[in-house]
Amino acid sequence: MSEDRRAFLRGIVRSAAGQGGAPPAAEPLGEADVERYSRQLVLPQWSERAQLALQDASVLVLGAGALGSPVAAYLAGAGVGRLGIVDSDDVEISNLHRQPLHFTPDVGVAKAHSAAAKLRFLNPDVIVEPYQARFAAAMLEGADLVVDCSDSFATRYEVNAACCAARVALVEGGVVGMSGLVMAIRPGESACYRCAFPEPPPPGTAPSCVEAGVLGPAAGVIGSLQALEALKLLAGLEGALLDAFLQVDLYDHAYLRVAVSRRAGCPDCGAL
Ligand SMILES: [Zn+2]
């Protein structure tokens, strides 16, 4: 790196860290980090403090498939300190059109391990922990945030209840066909998934990707939105999708932000 470039990046970090009266970070970013993350550090909404908050964060990504691939890739790239990747399945050939962390030679490999290998290539500074397992509430120990990239309503409700009980922030998401949904949740502060959707859809009314199909880029858009919301929550940015969910129809580009409120009697978050 040239001296000019180094001085330019350092200047950006200093001026961003000073914004809003925030005290300077105790341990400033190293030179390699300033270079690696320069394009997000330069953002007026970002700062050295935001970057250090990310570096200290532990995030659990549930599912290393169509949503989990873009989520985990963007969080690793952005510099989240620790990423736990939870998936009990192996890579199948029919996954590859929409799960860009897995390649043809990975067929038959556990998805958690296949994903972890790519994420370590992407950013060796991130601690990546693969779990070839189904979600369990005990996995929330030490986690700052969960991104739910699972593909079943039963898991979504289970994860929501566990995150509320442990007061761990959550980003929900789902995609089928060419439409999807995203919602950010701070348990005890904003509406949870069950506040927004008190009951799962009746059996047979919500087709899965196996039945209804899904286009890869549609999953990519929803996963990218989940990663974006996760970064906002971790960095403490305003504008996170709290007390609302975003319903996205990518066939005709209809984006609907639906406001939701906490429910006093919610079995998951009502007592928080
Ligand atoms: Zn609730």
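Reference entry: report on the structure contained in this document. (Residues numbered from 1 in each chain as written. Predicted model: local features only at pLDDT ≥ 70, side-chain atom pairs only at ≥ 80, totals over all residues. Heavy atoms only, no water.)

**Some thoughts on the layout of surface pockets**
By volume, the largest pocket is sized at about 1300 Å³. Along the walls of the largest pocket sit 48 residues, with Ser150, Asp151, Ser152, Arg156 and Val175 positioned nearest its centre. Mapped onto the lining of the largest pocket, the elements with two or more residues apiece are α7 (153–166), β5 (169–176), β6 (179–185) and α9 (209–212). No other element matches the five residues that β5 contributes to the lining of the largest pocket. The residue makeup of the lining of the largest pocket, split by class, is 22 nonpolar, 15 polar and 11 charged. (1 Å grid on protein atoms, 1.4 Å probe; cavity = no way out; pocket = protein on both sides within 12 Å on 5 of 7 lines; lining within 4 Å. Points joined across faces, edges and corners; volume = space filled by probe spheres on them. Helix = DSSP H or I, 4+ residues; strand = E, 2+ residues; numbered from the N terminus. Nonpolar A, V, L, I, M, F, W, Y, C, P; charged D, E, K, R; others polar.)

**What about a nonpolar patch on the surface?**
A cluster of nonpolar side chains, Met178, Leu215 and Tyr251, forms an exposed patch at the surface whose accessible area comes to about 330 Å². Within the element layout of this structure, Met178 appears in the loop between β5 and β6. With a relative accessible area of 32%, Met178 lands in the partly exposed category. (Patch = residues over 30% accessible without salt bridge, like charges linked within 9 Å, V, L, I, M, F, W, Y side chains within 5 Å. Areas by Shrake-Rupley, 256 points an atom, 1.4 Å probe, with all protein chains shown as cover. Salt bridge = Lys/Arg side-chain N within 4 Å of Asp/Glu carboxyl O. Buried < 20%, exposed > 50% of the residue type's maximum accessible area, 1.4 Å probe, protein only.)

**Description of the coordination of the zinc ion**
Listed as protein donors to the zinc ion are Cys192 (SG), Cys195 (SG), Cys266 (SG) and Cys269 (SG); their distances from the metal cover 2.2 to 2.3 Å. Counting gaps between the donor residues of the zinc ion yields the pattern C-x2-C-x70-C-x2-C. Residue Cys195 is located in helix α8 (residues 193–196), and its partner Cys269 is located in the segment after β8 (254–259); the two are separated by 74 residues in the primary sequence. (Donors = N, O, S within 2.8 Å, 3.2 Å for Na, K, Ca; no water.)

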